[in-house]
Amino acid sequence: MGSGLMVAVFGAYGHTGRFVVAHLRDRGFVPVLSGRDADKLKVLAYESGSKARPASVDDPASLDRALAGTAAVINCAGPFATTAAPVIEAALRAGIPYVDVAAEIEANVDTFTRFTDRARDAGAVIVPAMAFYGGLGDLLTTAAMGDWTAADEAHIAYGLSGWHPTPGTRAAGAVSRRRRNGRRVRYTNGRLEYRHDDPPTLEWSFPDPMGPRTVIGEFTMADVVTVPSHLSIPEVRTYMTVEAARDLSAPDTPAPAPADELGRSAQTFLVDVVVRSGGSERRAVARGRDIYAVTAPLAVEAVDRILTGRTRTVGVASAGEVFDAPDFLRALSSHLSLDLRP
């Protein structure tokens, strides 16, 4: 448990940030609220009883003040193309681990490219994409691999009942589209490939109770960065149910609305991971509720394990590389229903 350690949350007043703050408190940590909007921080500090330390990514001194005396920082403020590097720099100056919840493919690539050598040399731990997209898929893929050291392909299918995107999700998506010049991206032949054609539509046989569903093939998420960062798999494909993809693309889809006492929406999800090698196939499945809410236990469990020394490497590392994937997933049994069959 947190034992009263202070953990900074940058972007604490955002939709996901609020879940992270609440979960830190539940785990015995002391959240330190940070972000650029001092008024929103003041309101959240009053509501939660936590300390507020305003900071901006273009003011390194303010970030240093925000992280002073903390044991770790969780960055929940997108677009991460803008926030990740400055907050990582501040974490390195403070000598504390950094975790973020970035779903932006290019921002995660930037983190690996820019900070791998520096973080390793400093003995620091930096875990990008420790969230529903990027982190959970990587943990499930790693668990499904079991004792395999390589596979031919990995498929990560997202069965969402719907997707009401937050303003942060929309802003991050707009940044990614600009960076790609409107192209889509997939991971094939061991590298990212940018394309102008439309993604395929196909059928995916999800486990019960969802069953066969129409999905957008090559609906590419952060898993194409996290999984290949440590697993020898030249083909990594992600898929999304068409209903959720339509929700995301529609400009009038509202933001998620709370539907229970924890503030979670009514959204449900099923993540179905299949890895194949030769003629063999292995599978791992996770079911749960609210992709934004479930990001909080993922990120906080990561911080807890880093601070208690339950890690396998240093430097920039995805969830599946730095943690014992099956053990990590089992620790989330109150938030996820799991079927791990390596």
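What you see is a predicted model, and the numbers here were worked out from it, not measured in a lab. (Residues numbered from 1 in each chain as written. Predicted model: local features only at pLDDT ≥ 70, side-chain atom pairs only at ≥ 80, totals over all residues. Heavy atoms only, no water.)

Draft legend 1. Spatial organisation of the overall build of the protein chain. Within the protein chain one finds 12 helices and 16 strands. Computed over C-alpha atoms, the radius of gyration of the protein chain comes to 19 Å, within 12% of the 20 Å expected from 2.2 N^0.38 for 342 residues, which places it in the range of a compact globule. For the protein chain, the C-alpha atoms occupy an extent of roughly 55 × 45 × 40 Å along the three principal directions. In the protein chain, the share of contacts with a sequence separation of at least 24, taken over all contacts with a separation of at least 6, comes to 70%. Charge centroids of the protein chain, computed over 37 positive and 40 negative side chains, lie 3 Å from each other. (Helix = DSSP H or I, 4+ residues; strand = E, 2+ residues; numbered from the N terminus. Rg over C-alpha atoms; globule rule 2.2 N^0.38 Å. Contact = heavy atoms within 4.5 Å. Lys, Arg positive; Asp, Glu negative; His and termini not counted. Charge placed at Lys NZ, Arg CZ, Asp CG, Glu CD.)

Draft legend 2. Seen up close, the packing of helix α4 (residues 80-94) against helix α5 (residues 105-122). α5 packs onto α4 with a crossing angle of 20° between their chain directions and a minimal axis gap of 9 Å. Taken together, the axes of α4 and α5 lie roughly parallel to each other. The way α4 lies across α5 gives a crossing that is right-handed. Across the interface between the two elements, F80, A81, A84, A85, I88, E89 and L92 of α4 pack against A107, T111, R114, F115 and R118 of α5. For the contact of α4 with α5, the residue count by class is eight nonpolar, one polar and three charged. (Axes fitted to C-alpha atoms, helices over the stretch in contact; angles between N-to-C directions. Parallel < 35°, antiparallel > 145°, perpendicular 65-115°, else oblique. Left-handed = near helix turned anticlockwise from the far one by under 90°. Nonpolar A, V, L, I, M, F, W, Y, C, P; charged D, E, K, R; others polar.)

Draft legend 3. Region of the structure containing the packing of aromatic side chains. A full pass over the atoms with the stated rule returns seven aromatic pairs. Geometrically, the ring pair formed by F132 and Y133 is edge-to-face, given 4.8 Å between the ring centres and 80° between the ring planes. Summarising the burial analysis for this pair, F132 and Y133 share the class buried. (Phe/Tyr/Trp six-rings, centres within 6.5 Å; stacked < 30°, edge-to-face > 60°. Buried < 20%, exposed > 50% of the residue type's maximum accessible area, 1.4 Å probe, protein only.)

Draft legend 4. View of the pairing of strand β7 (residues 153-160). The buried count for β7 comes to seven of eight residues, which makes it a mostly enclosed element. Where β7 lies against strand β12 (residues 235-241), six bridges are found, and the strand directions are parallel. Bridging from a neighbouring strand, H155 pairs with R237 of β12. Pairing of β7 with strand β13 (residues 268-277) involves eight bridges; the strand directions are antiparallel. Among the inter-strand pairings, H155 is bridged to a residue of β13, identified as V274. (Pairing = 2+ DSSP bridges.)

Draft legend 5. Fine view of the pattern of salt bridges. Following the criterion strictly, the structure yields 29 salt bridges and no others. One salt bridge in this structure joins E193 and R186, with 2.8 Å as the shortest N-O distance. Residue classification places E193 among the buried positions, given a relative accessible area of 15%. The shortest N-O distance in the salt bridge between E235 and R237 comes to 2.9 Å. For the pair shown, E235 and R237 are each scored as buried. What emerges from the salt-bridge pattern is a single network uniting R184, R186, R191, E193, R195, D197, E218, E235 and R237. (Salt bridge = Lys/Arg side-chain N within 4 Å of Asp/Glu carboxyl O.)

Draft legend 6. Summary view of the packing of helix α3 (residues 60-67) against α4. Axis separation between α3 and α4 bottoms out at 9 Å; the angle between their running directions is 55°. The angle between α3 and α4 places the two elements in the oblique class. Here α3 and α4 pass one another in a crossing that is right-handed. Of α4, the residues touching α3 (which contributes P60, L63, D64 and L67) are P86, V87, A90, A91, R93 and A94. Class assignment of the residues belonging to the contact of α3 with α4 gives a composition of eight nonpolar, no polar and two charged.

Draft legend 7. Structural view of α4. Look at α4: 20 Å from first C-alpha to last across 15 residues, which is about the 21 Å you get at 1.5 Å a residue. Burial in α4 covers these residues: F80, T83, A84, A85, V87, I88, E89, A90 and A91. For α4, the secondary structure elements touched by its buried residues are β1 (6-10), α3, β4 (72-75), β5 (98-100), α5 and β6 (125-127). A positive phi of about 70° marks G95, the residue just after α4. (Expected span 1.5 Å × (residues − 1).)

Draft legend 8. How the structure looks around the layout of surface pockets. By volume, the second largest pocket amounts to about 380 Å³. Surrounding the second largest pocket, 18 residues form its lining, F19, H23, L262, R264 and H335 being those nearest its centre. For the lining of the second largest pocket, the elements supplying multiple residues, two or more each, are α1 (15-26), β14 (280-289) and α10 (295-307). The biggest single contributor to the lining of the second largest pocket is α1, with six residues. Of the residues assigned to the lining of the second largest pocket, the class counts are seven nonpolar, four polar and seven charged. (1 Å grid on protein atoms, 1.4 Å probe; cavity = no way out; pocket = protein on both sides within 12 Å on 5 of 7 lines; lining within 4 Å. Points joined across faces, edges and corners; volume = space filled by probe spheres on them.)

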